[in-house]
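If you want the building blocks of each chain, they are given just below.
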Amino acid sequence: RMTRESFWHLHSLIQDDPLFLSRGNRAQRPVKYQLTAFLIRFGGETLVKTADTLSIAEGTAYNYVRHVSKSFRNIRGDHLSWPGLARCEFLSNEMAPYGFPGCIGIVDGSLIRLADMPRANGMAYFCRKKFYALAIQAVCDHHGIFTLYEMGWPGSVHDVTIFRQSHIWKEKEKHFRDYEYLLADKGYPLTKFTVRPFAEYDLTNDAAEAERRTSWNFQLSHLRIAIEHAFGRLKGRFCALRMLAVYDLDTTYKCMEALFIVHNILTQLGD
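Everything numeric in this text was worked out from a predicted model, so none of it was measured.

Parameters at a glance
Residues numbered from 1 in each chain as written. Predicted model: local features only at pLDDT ≥ 70, side-chain atom pairs only at ≥ 80, totals over all residues. Heavy atoms only, no water. Buried < 20%, exposed > 50% of the residue type's maximum accessible area, 1.4 Å probe, protein only. Helix = DSSP H or I, 4+ residues; strand = E, 2+ residues; numbered from the N terminus. Arc of directions from axis to C-beta. Contact = heavy atoms within 4.5 Å. Axes fitted to C-alpha atoms, helices over the stretch in contact; angles between N-to-C directions. Parallel < 35°, antiparallel > 145°, perpendicular 65-115°, else oblique. Nonpolar A, V, L, I, M, F, W, Y, C, P; charged D, E, K, R; others polar. Domains from an automatic or database assignment. Buried area = accessible area lost by both parts, 1.4 Å probe. Salt bridge = Lys/Arg side-chain N within 4 Å of Asp/Glu carboxyl O. Polar contact = N/O pair within 3.5 Å; in protein donor to acceptor, adjacent residues only side chain to side chain. Core = buried A, V, L, I, M, F, W, Y, C linked by side-chain atoms within 4.5 Å. Phe/Tyr/Trp six-rings, centres within 6.5 Å; stacked < 30°, edge-to-face > 60°. Lys NZ or Arg CZ within 6 Å of the ring centre and 35° of its normal.

Before going further, it helps to spend a moment on helix H3 (residues 47–54). Taken together, the buried positions of H3 are Leu47, Thr50, Ala51 and Leu54. Along H3, the residues classed as buried sweep out an arc of 95° about the axis, all on the same side. Turned more than 90 degrees off the buried face of H3, the exposed positions are Val48 and Asp52. Of the surrounding elements, those touching the buried residues of H3 are helix H2 (31–42) and helix H4 (58–73). Looking at the residues trailing H3, positive phi occurs at Ser55, about 55°.

Given below as structure tokens:
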């Protein structure tokens, strides 16, 4: 789900990766076919359907997906990374007119539904929405470009638990300056580095103050929805994430990382 121009841009980013150089007597198929296999697979098709579409073996389709996934992860630093000082200053200034100077991102979690219960510790993946899932957490900017993510958690784990165990929280002094913070929803704690809406029990009997807080909540939610839209576009473009068939969790996480990177590239292209 992208334009022809975007496809060839993705192709140009990975075509020179040494992964695609043959190490034997038999040459690999061109990168464009391997990239196509990757996009068909995560566009919503199974490996069997992907292999059938390209008239290749299922094992070959798996290898193509694995190669392309690794090649995108090799360029992660160019397309998905925590913003540097200049970028943080830019994001802070961008958010200032909306009443949130110092905001450098928006944090939230999402569930990736699984087609089947994982074999190891399967019940740990049974989430609050009554299906098996992987829990992921990410930070994005107000344009929906991801800057950080956390994976490897089963669906039963709460967003706050993931956040408190995340690298960004454990190393928060390295990620935030004194006046910088993330926007979050009501499920997250209010801290120096996370700003959340007023909860119902925070609202006061003073009518004027209650109206001010309600208005402030609305403005925060209006900005925070960017992370929901980012997850929505990610799952909308790569429909396999709506119901993921998992054969190997480690490979699945690596492919999901590659999809975050591709999402950022396409978002920056305006696709």
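Taken N-terminus to C-terminus, the directions of H3 and H4 make an angle of 100°; their axes are 8 Å apart at the nearest point. With respect to H4, the element H3 is oriented roughly perpendicular. Residue-level contacts link Leu47, Val48, Thr50 and Ala51 of H3 to Glu58, Ala61, Tyr62 and Val65 of H4. Here the contact of H3 with H4 is composed, by residue class, of six nonpolar, one polar and one charged.

According to the domain assignment, the protein chain consists of domain 1 (4–76) and domain 2 (80–247). For domain 1 and domain 2, the distance between their C-alpha centroids amounts to 31 Å. At the junction of the two partners, domain 1 supplies seven residues and domain 2 supplies nine residues. Summing the contributions of domain 1 and of domain 2, the shared interface buries around 700 Å²; its carbon and sulfur component is 54%. Broken down residue by residue, the surface that domain 1 buries against domain 2 is led by Arg41, Phe42 and Arg76, which jointly contribute 67%. Viewed at the interface, domain 2 and domain 1 are joined by zero salt bridges. Where domain 1 packs against domain 2, one counts four residue pairs in polar contact (both at pLDDT 80 or more). Taken together, the residues of the side of domain 1 that touches domain 2 sort by class into three nonpolar, two polar and two charged.

On to the nonpolar core. In terms of nonpolar packing, the biggest core is built from 60 residues, with Phe38, Phe72, Phe146, Leu183, Met256 and Phe260 touching the most fellow members. If one sorts the elements of this core by residue count, helix H11 (residues 249–269) sits on top with 10 residues. When residues are assigned to domains, this core turns out to be shared by domain 1 (4–76) and domain 2 (80–247), each giving three or more. Phe72 has contacts with Leu10, Ile14, Leu35, Phe38, Ala258, Ile261, Val262 and Ile265, leaving out every residue within four places of it along the chain.

Evaluated as defined, the whole model comprises 13 aromatic pairs. Ring geometry for Phe126 against Tyr132: centres 5.2 Å apart, planes inclined by 65°, an arrangement best described as edge-to-face. Positioned above the aromatic ring of Tyr33 is the side chain of Arg29, whose terminal nitrogen or guanidinium carbon lies 4.5 Å from the ring centre. The residue whose ring lies beneath Lys172 is Trp169, and the NZ or CZ to ring-centre distance is 4.3 Å.

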